[in-house]
Amino acid sequence: MPLALLALAVGAFGLGTTEFVMMGLLPDVADDLHISIPAAGHLVSAYALGVVIGAPLLAALTARLARRTVLISLMALFVAGNALSALAPGYDSLLAARFLSGLPHGAFFGVGAVVATSVVAPERKARSVSLMFMGLTVANIAGVPVATLMGQHLGWRATFLGVSLIGVAAMAAVFFLIHPTHTPAPASGLRGELSALRSLPVWLALATTVVGFGALFSAYSYITPMLTDAAGYAASNVTLLLALFGVGATIGNLAGGRLADHTMRGTLFGGLVSMVAVLLLFPVLMRTEWSAALAVVLLGVAAFVTGSPLQLMVMERAAAGPSLASSANQAAFNLANAGGAWIGGVALAAGFGVTSPALAGAALAVLGLGVASVAHAVDRRRDVPAPVRDRVVASHVPQPTEPVHSA
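All values derive from a computational prediction rather than experimental measurement. (Residues numbered from 1 in each chain as written. Predicted model: local features only at pLDDT ≥ 70, side-chain atom pairs only at ≥ 80, totals over all residues. Heavy atoms only, no water.)

Trainee: Which parts of the structure should I look at to understand the overall build of the protein chain?
Mentor: In terms of helices and strands, the protein chain carries 16 helices and zero strands. Considering only residue pairs separated by 6 or more positions, the protein chain has 84% of its internal contacts joining residues 24 or more positions apart. (Helix = DSSP H or I, 4+ residues; strand = E, 2+ residues; numbered from the N terminus. Contact = heavy atoms within 4.5 Å.)

Trainee: Is there a simple way to explain the nonpolar core in this structure?
Mentor: Generally speaking, nonpolar side chains in soluble globular proteins are found buried as a group. Counting residues in each nonpolar core, the largest one holds 98 residues, and the members touching the most others are Leu8, Leu216, Met275, Phe282, Met286 and Leu299. When residues in this core are grouped by element, the largest group, ten residues, is from helix 8 (residues 200-220). In this structure, Val29, Ala30, Ala40 and Trp156 belong to the second largest nonpolar core, which totals 17 residues. (Core = buried A, V, L, I, M, F, W, Y, C linked by side-chain atoms within 4.5 Å. Buried < 20%, exposed > 50% of the residue type's maximum accessible area, 1.4 Å probe, protein only.)

Trainee: Help me understand the pattern of salt bridges in this model?
Mentor: Between side chains of opposite charge, pairing is possible as soon as their charged atoms come close. The final tally for this structure, using the stated rule, is four salt bridges. For the salt bridge of aspartate 261 with arginine 127, the shortest nitrogen-to-oxygen distance reads 3.0 Å. Within this pair, whereas aspartate 261 is found in the loop between helix 10 (238-260) and helix 11 (264-285), its partner arginine 127 is found in helix 5 (residues 125-154), the two being separated by 134 residues in sequence. Ionic contacts of the salt-bridge type, sharing partners, join the residues Arg265, Arg317 and Asp379 into one network. (Salt bridge = Lys/Arg side-chain N within 4 Å of Asp/Glu carboxyl O.)

Trainee: Can you walk me through helix 12 (residues 289-305) in this structure?
Mentor: Residue pairs three or four apart in sequence face the same way in an α-helix, which turns once every 3.6 residues. A rise of 1.5 Å per residue sets the reference length of helix 12, with its 17 residues, at 24 Å; its end C-alpha atoms lie 25 Å apart and thus fit the reference within 8%. Those residues of helix 12 that fall on the buried side of the exposure criterion are Ser291, Ala292, Ala293, Ala295, Val296, Leu299, Gly300, Ala302, Ala303, Phe304 and Val305. Those residues of helix 12 that are buried lie in contact with helix 5, helix 8, helix 9 (223-230), helix 10, helix 11 and helix 13 (307-317). (Expected span 1.5 Å × (residues − 1).)

Trainee: I'm lost on the packing of helix 8 against helix 15 (residues 356-381) in this one. Help?
Mentor: The relative placement of two packed helices comes down to the angle between their axes together with the axis-to-axis distance. Viewed as axis vectors pointing N to C, helix 8 and helix 15 meet at an angle of 165°, and their least axial separation amounts to 7 Å. The orientation of helix 8 with respect to helix 15, classified from their angle, is roughly antiparallel. Note on packing geometry: the crossing formed by helix 8 with helix 15 is left-handed. For the contact of helix 8 with helix 15, the per-class residue count stands at 18 nonpolar, five polar and one charged. (Axes fitted to C-alpha atoms, helices over the stretch in contact; angles between N-to-C directions. Parallel < 35°, antiparallel > 145°, perpendicular 65-115°, else oblique. Left-handed = near helix turned anticlockwise from the far one by under 90°. Nonpolar A, V, L, I, M, F, W, Y, C, P; charged D, E, K, R; others polar.)

Trainee: Whenever I open this one, a nonpolar patch on the surface confuses me. Can you help?
Mentor: Side chains of Leu49, Ile53, Leu57 and Leu61 sit close together on the surface and give an oily, nonpolar patch of about 380 Å² of accessible area. Looking at where leucine 61 falls in the secondary structure, it is placed in helix 2 (residues 37-61). Judged by its relative accessible area of 63%, leucine 61 is exposed. (Patch = residues over 30% accessible without salt bridge, like charges linked within 9 Å, V, L, I, M, F, W, Y side chains within 5 Å. Areas by Shrake-Rupley, 256 points an atom, 1.4 Å probe, with all protein chains shown as cover.)

Trainee: I keep staring at the packing of aromatic side chains and nothing clicks. Help me out?
Mentor: The geometry of an aromatic ring pair is captured by two quantities: the separation of the ring centres and the angle between the planes. Applying the stated criterion across every chain, the model contains nine aromatic pairs. Arranged with centres 6.1 Å apart and planes meeting at 80°, the rings of tryptophan 156 and phenylalanine 160 form a pair that is edge-to-face. Taken together, the residues span about one helical turn, with tryptophan 156 and phenylalanine 160 both in helix 6 (residues 156-177) at a distance of four residues. With respect to class, tryptophan 156 is no different from phenylalanine 160; both count as buried. When the ring of phenylalanine 245 is compared with that of phenylalanine 304, the centres are 6.3 Å apart and the planes differ by 75°; the resulting orientation is edge-to-face. Note that phenylalanine 245 is positioned in helix 10 and phenylalanine 304 in helix 12, a separation of 59 residues in sequence. The residues phenylalanine 245 and phenylalanine 304 share a single accessibility class, namely buried. Among the aromatic side chains, those forming a connected cluster through ring pairs are Phe213, Phe217, Tyr220, Phe245, Phe304 and Phe333. Here the basic side chain of arginine 68 rests over the ring of phenylalanine 175, its NZ or CZ set 4.7 Å away from the ring centre. (Phe/Tyr/Trp six-rings, centres within 6.5 Å; stacked < 30°, edge-to-face > 60°. Lys NZ or Arg CZ within 6 Å of the ring centre and 35° of its normal.)

Trainee: Would you take a moment to explain unusual backbone geometry for this structure?
Mentor: Peptide bonds are mostly trans, and most non-glycine residues show a negative phi. Of note, histidine 34 is a non-glycine position whose phi angle comes to about 60°, a positive value. With respect to the helices, strands and loops of the structure, histidine 34 is situated in the loop between helix 1 (3-33) and helix 2.

Trainee: Explanation requested: the environment of alanine 234 in the structure shown.
Mentor: With respect to the secondary-structure elements, alanine 234 resides in the loop between helix 9 and helix 10. Expressed as a C-alpha distance, the spacing of alanine 234 and threonine 224, which sit ten residues apart in the sequence, is 9.9 Å.

Trainee: Is there a simple way to think about the packing of helix 1 against helix 3 (residues 67-87) in this case?
Mentor: Two elements in contact, helix 1 and helix 3, have axes whose closest approach is 12 Å; the angle formed by their N-to-C orientations is 30°. The angle between helix 1 and helix 3 falls in the class roughly parallel. Every pair of crossing elements has a handedness; the one defined by helix 1 and helix 3 is left-handed. Where helix 1 abuts helix 3, its residues Leu8, Gly11, Gly14, Leu15 and Thr18 lie against Leu71, Met75, Phe78 and Asn82. Residue composition of the contact of helix 1 with helix 3, grouped by class: five nonpolar, four polar and no charged.

Trainee: Explain the environment of glycine 270 here, please?
Mentor: Residue placement: glycine 270 occurs in helix 11. Note: C-alpha distance between glycine 270 and valine 305 (35 residues apart in sequence) is 8.4 Å.

Trainee: Please clarify how the confidence of the model for the protein chain should be interpreted in this entry.
Mentor: Detail in the predicted coordinates should be disregarded across regions flagged by low pLDDT. Chain-level statistics for the protein chain give a pLDDT mean of 85 and a share of 90% at 70 or above. Within the model, the stretch residues 388-407 combines pLDDT values under 50 with 33 contacts to residues more than four positions away or in other chains. (pLDDT = per-residue confidence, 0-100.)

Trainee: Please clarify how the side chain of asparagine 253 should be interpreted in this entry.
Mentor: Mapped onto the secondary structure, asparagine 253 falls in helix 10. The buried category is assigned to asparagine 253, whose relative accessible area is 1%. Of the polar contacts made by the side chain of asparagine 253, one reaches the backbone oxygen of serine 130; its length is 2.6 Å. Discounting residues that sit within four places of it in the chain, asparagine 253 has contacts with Ser130, Phe133, Met134, Thr137, Phe304, Val305 and Ser308. (Polar contact = N/O pair within 3.5 Å; in protein donor to acceptor, adjacent residues only side chain to side chain.)

Below, the structure is given as structure tokens:
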């Protein structure tokens with residue numbers, strides 16, 4: 001693994017920790033600031049809104065800068081946002097600081113994915129993206145539980161100061177471990193980045209991300225009541241079970257990266273089919289404690305198998321300007337978070353049962369398969385070259401334009 005990927009993973013670890021830790025700190029923040037739990041929940045939404053707005057905006061504004069400089073600048077903004085969160089005197093200022101913290105999130109992952117693919121051989125591009133994303137999945141195993149415990153024992157402000165230190169470490173890692181020659185300023189500039197977004201295949205890939213990951217968040221947003229009300233777990237055990245989701249997500253992410261380097265389209269379809277199967281089984285698996293724990297792990301595996309192929313698919317269909325499109329995919333991921341949670345909530349509010357959000361997620365995964373199928377048909381109609389349409393690089397076969405050497 002090139003050390004550059006380690007630097008990107010450190011940044012992803014910090015971003016993943018600060019994104020998800022607020023869920024565990026909501027009661028502490030609400031008590032300290034004398035606000036309700038629903039009002040504290042807006043702090044989660046503020047971060048997600050920052051991601052959606054910041055991902056394309058910052059990617060566009062930094063289109064002419066060297067990508068190493070962009071990554072360091074984005075982590076500096078991340079450090080500032082978390083430090084301001086720790087020092088926020090009241091609810092409104094904390095809300096603004098959380099929005100600021102979310103701004104660099106999508107752009108860092110978007111630009112980082114472009115850098116990750118530039119430091120490895122072509123047949124390892126998907127694996128390089130998955131190794132960067134591993135920082136995000138490991139954050140769910142270690143970063144979020146540790147940061148939550150820190151907040152519960154030292155105060156929630158200490159958590160955000162700790163996350164700021166992770167951001168400083170990420171800045172240093174990017175500076176020392178990513179060589180400037182791997183991150184030159186894009187030759188296409190902003191015009192090239194924007195022109196890439198005029199492509200129908202790019203938008204179909206982004207739509208697949210929204211619908212496919214919407215299936216995940218439809219169920220995952222309501223995993224706690226499923227585990228407590230359906231499976232019978234005590235609320236005190238939920239944190240450990242969520243760490244199991246992180247284990248599954250890490251396994252799925254690494255497996256998806258390796259598989260996508262052999263067949264990107266096959267990995268994407270396989271992941272979506274797995275999502276449908278796992279979510280349809282949720283009402284059955286949530287009947288006992290052991291099977292519910294298995295369901296949590298399987299959900300993480302099935303969802304994150306699709307992460308690397310979706311990210312790489314967007315980048316390859318926007319080859320003329322991949323940074324903006326790659327960042328837009330992170331905005332699509334957060335739209336999936338908001339939309340999936342809303343759809344799952346509709347099913348729950350309609351009285352279909354505590355596991356009904358999983359069935360709504362299964363329907364979204366089927367829709368994701370439909371969008372992915374349309375994207376595949378458009379690629380075939382437009383005669384997208386096979387290595388781009390479906391990365392099959394396990395063995396190299398000479399193409400018609402290459403010389404064939406004979407004895």
